[in-house]
Amino acid sequence: MISMPGKSYKGKLPPLSNHEEELTQRLKANLEVLARDIGERNHTHRKGLEAAVQFISKVFRSYGLAVSTQPFDVDGQPCHNIEVEVEGKKAPEEIIVI
């Protein structure tokens, strides 16, 4: 069994800061575009898949981030992973892949 490091939080959560509230609203809006407007997206639904790649890339670029794609094939169909690097402030040498 694998356990998460640290201790679990107990009790009432503190209120969100203005920045956290703004981030929450942006994330909700982005998820609505992906789920409602773009909809199903996979190698058999190419239009949605490409629309998602374009949308996510546009969002990252709007934050001033450099975006690149990693092409690969699924059942002979071209697909792309989206790659963005955000250097951490506390541990910039560590890499997290999402």
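Now for a description of the structure that goes with this document. (Residues numbered from 1 in each chain as written. Predicted model: local features only at pLDDT ≥ 70, side-chain atom pairs only at ≥ 80, totals over all residues. Heavy atoms only, no water.)

Side chains of nonpolar character tend, in soluble globular proteins, to be buried together. Counting five residues, the largest nonpolar core is built from Leu34, Ile38, Ala52, Phe55 and Val59. Looking at this core, the element that brings in the most residues is helix α2 (residues 46–62), giving three residues. Those residues in contact with alanine 52 that lie beyond four places of it in its chain are Leu34, Ile38 and Arg41. (Core = buried A, V, L, I, M, F, W, Y, C linked by side-chain atoms within 4.5 Å. Buried < 20%, exposed > 50% of the residue type's maximum accessible area, 1.4 Å probe, protein only. Helix = DSSP H or I, 4+ residues; strand = E, 2+ residues; numbered from the N terminus. Contact = heavy atoms within 4.5 Å.)

Relative to strand β2 (residues 77–84), strand β1 (residues 67–74) is paired through eight bridges, and the arrangement is antiparallel. The partner of phenylalanine 72 across the bridge, within β2, is cysteine 79. Linking two consecutive strands that pair antiparallel, namely β1 and β2, is a turn of two residues; a positive phi of about 50° is found at aspartate 75 within it. (Pairing = 2+ DSSP bridges.)

For the rest of this paragraph, the subject is the pattern of salt bridges. Taken as a whole and judged by the stated rule, the model has four salt bridges. In this structure, the salt-bridge partner of arginine 26 is glutamate 22, at a minimum N-O distance of 3.9 Å. Here glutamate 22 and arginine 26 lie together in helix α1 (residues 18–38), a separation of four residues that amounts to about one turn. Among the residues examined, arginine 26 registers a relative accessible area of 29% and is labelled partly exposed. Glutamate 50 is the partner of arginine 46 in a salt bridge, and the nearest nitrogen-oxygen pair spans 3.3 Å. Residue arginine 46 and its partner glutamate 50 are located together in helix α2, separated by four residues, close to a single helical turn. (Salt bridge = Lys/Arg side-chain N within 4 Å of Asp/Glu carboxyl O.)

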